[in-house]
Amino acid sequence: MWKELLLITFFFAAKGEAKGCITRHFGVDGIVCVCNATYCDSSPPTDPRVLDDGDLSWYTTTKAGLRMSMTYAKFGSNPRNADTTLIIDSTKKYQTIFGFGGAFTDSAGINIRKLSPATQNQLIRAYYDPKAGSRYMLGRVPIGGTDFSTRPYTYDDVDGEDVQLKKFSLQHEDYAYKIPFMQKALKLNPETKFFGAAWSAPPWMKTNDKINGFGFLKKEYYQVYANYLLKFLDEYKKYGLDIWAFSTGNEPTNAYIPFDPLNTMGWTPESVAHWVGDFMGPTLASSKHNKTLIMAHDDQRLELPWAVTKMLSNKKARKYTAGTAVHWYTDQFVPPNVLDQTHKALPDKFILMTEACIGSSILENPKVKLGSWDRGQKYILSIIQYMNHWGIGWVDWNLALDKQGGPNWINNFVDSPVIVNPETDEFFKQPMYYALQHFSKFVDRGSVRVSITDNYNVKSAAFLTPANETVVVLYNRSNRAKNVKLKDLKRGSTSLEIPPLSMNTILYKV
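Residues numbered from 1 in each chain as written. Predicted model: local features only at pLDDT ≥ 70, side-chain atom pairs only at ≥ 80, totals over all residues. Heavy atoms only, no water.

**A closer look at the overall build of the chain**
Here's step 1: Summing up its helical and strand segments, the chain has 11 helices and 21 strands in all.
Here's step 2: In terms of overall dimensions, the chain is globule-like: its C-alpha atoms have a radius of gyration of 23 Å, near the 24 Å expected for 510 residues.
Here's step 3: Based on the C-alpha atoms only, the size of the chain along its principal axes is roughly 75 × 50 × 40 Å.
Here's step 4: Counting across all 510 residues of the chain, residues that qualify as buried make up 62%.
Here's step 5: When contacts within the chain are restricted to residue pairs at least 6 apart in sequence, those whose partners lie at least 24 apart make up 73%.
Here's step 6: Averaging the coordinates of the 59 positive side-chain charges in the chain and doing the same for the 50 negative ones gives two points 4 Å apart. (Helix = DSSP H or I, 4+ residues; strand = E, 2+ residues; numbered from the N terminus. Rg over C-alpha atoms; globule rule 2.2 N^0.38 Å. Buried < 20%, exposed > 50% of the residue type's maximum accessible area, 1.4 Å probe, protein only. Contact = heavy atoms within 4.5 Å. Lys, Arg positive; Asp, Glu negative; His and termini not counted. Charge placed at Lys NZ, Arg CZ, Asp CG, Glu CD.)

Here you go:
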């Protein structure tokens, strides 16, 4: 069965309902899809409501080279001895999903702008177009610079101090690399929600007078910094960009790492609680941005649940904090049950995975590994894991990078789901891109995770959409095909031959 799926891809492309992947190979395991000004692959229609009752639509991406290939199956069809039985119980419901997305960093914008205008539009469509693209609904925007900029900067870099923030101003990077592409994304998908994070306050507000290193916000500037972030919201709103939420700061624990060159500003749970409860929260609540949310932490799950529960033991901080933002970089050392513990301790606060990328470790080389299936596998397994442990979404880091994995002002190069090749006015979609698309294109905002079993070889997550559809995402991590019996306690059973090393999304009417 699975060997026939490749033919289905070309069938839909011929019918005009999808465009097949134009592959390019980089080594034995390196397959990318190539997009340019006039062509970019797209998957067949995703709406299962056009199906007859009892039909399933099934999308498959494989290490062997299929990309979002679609076929049909039926409940009660293809009886065979199952290697694995997965039971779906839609009466057991968990968290509501908010969405998936990526980050509008300076580096992403720099790379996108190296392409022709037509190819730039193709790239943004590949992510945010609800029909031809991945239907991203989230976008992260740095408040000022990050390491993925060509220089360190904030919005008020002055000698001395500027307590009245008279010198506050957006920078060239906002106008050239962030705002235009955020506007394009929002036009493509008006449901897109943007959220921000500052890597550092202006150095003059900090104890070490530096954008990085062991520095903390001075207490006398707690209100000034709240005003600073409010100004950012004001300025972006002028360009039609409302900010749904922002975090208390990107990876504050980096300030405690000796000689770490990353832009950062340290917090303790007590100090950030004081700032949120007595300054940022009230300032935001009394402003025209009073619907903008505050997210805690924005750091590794290594510090969960204690860092957030400690912070939110402050009742005023808890009042103004909507959720916990988490990064994935220490996940291999920390079991996912810390997310369960965080949810149990704070059931009224959501959990959102806000940053992931591959290549940041000194052990991950080359930084960009074109077409790496292993990296796509890491993405989809992480997404499944976060979904099954109360995550409301999963957000990638840079939307696009160059073949070196930059630019980055401290040479902290990493990989990205999309790599640009400006010499030929092309960009490459990597397996990481499709790992996200297997969720983002199908799991609508407002979908609810429901119960599904899984095992070591076939990992799974299941959802009910607002349109009363069921979405099941499966990853076969085995080198062999698996006969999987899907048993929906409301709809019946079907058997599917899941290809080896494959990402799968299955949709059907409830």
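**Concerning the packing of helix 3 (residues 117-128) against helix 4 (residues 172-188)**
Here's step 1: Where helix 3 meets helix 4, the closest approach of the two axes is 10 Å, and the angle between their N-to-C directions is 55°. As judged from the angle between their axes, helix 3 and helix 4 are oblique. Remark: the crossing between helix 3 and helix 4 carries right-handed chirality. For the pair helix 3 and helix 4, contact is made by Q120, N121, I124, R125 and Y128 and by F181, K184, A185 and L188, respectively. (Axes fitted to C-alpha atoms, helices over the stretch in contact; angles between N-to-C directions. Parallel < 35°, antiparallel > 145°, perpendicular 65-115°, else oblique. Left-handed = near helix turned anticlockwise from the far one by under 90°.)

**Focus: the sheet that holds strand 19 (residues 482-488)**
Here's step 1: Taken in spatial order, the nine strands of this open sheet run 4-3-21-18-17-16-5-19-20, and their pairing is mixed. A strand with exactly one partner marks an edge of an open sheet, and here the two such strands are strand 4 (69-74) and strand 20 (492-498). With strand direction ignored, the average angle separating the axes of adjacent strands in the sheet is 30°.
Here's step 2: Strand contacts of helix 10 (residues 373-387): strand 3 (55-62), strand 5 (84-96), strand 16 (448-452), strand 17 (458-464), strand 18 (469-476) and strand 21 (502-509), with the helix running at about 135° to strand 18, the strand carrying the most contacts.
Here's step 3: Along the sheet, helix 11 (residues 431-440) makes contact with strand 3, strand 17, strand 18 and strand 21, crossing strand 21 at roughly 20°. (Pairing = 2+ DSSP bridges.)

**A closer look at the pattern of salt bridges**
Here's step 1: Within this structure, the stated rule accounts for 22 salt bridges.
Here's step 2: For the salt bridge of K316 with D278, the shortest nitrogen-to-oxygen distance reads 2.4 Å. Taken together, the residues span a long stretch of sequence, with K316 in helix 8 (residues 315-320) and D278 in helix 6 (residues 269-285) at a distance of 38 residues.
Here's step 3: For D278, a relative accessible area of 29% gives the class partly exposed.
Here's step 4: In this structure, D415 engages R375 in a salt bridge whose closest nitrogen and oxygen atoms are separated by 2.6 Å. Residue D415 is found in the loop between strand 13 (391-398) and strand 14 (418-421), and its partner R375 is found in helix 10; the two are separated by 40 residues along the sequence.
Here's step 5: Several salt bridges converge on common partners, so that one network encompasses D106, D174 and K178. (Salt bridge = Lys/Arg side-chain N within 4 Å of Asp/Glu carboxyl O.)

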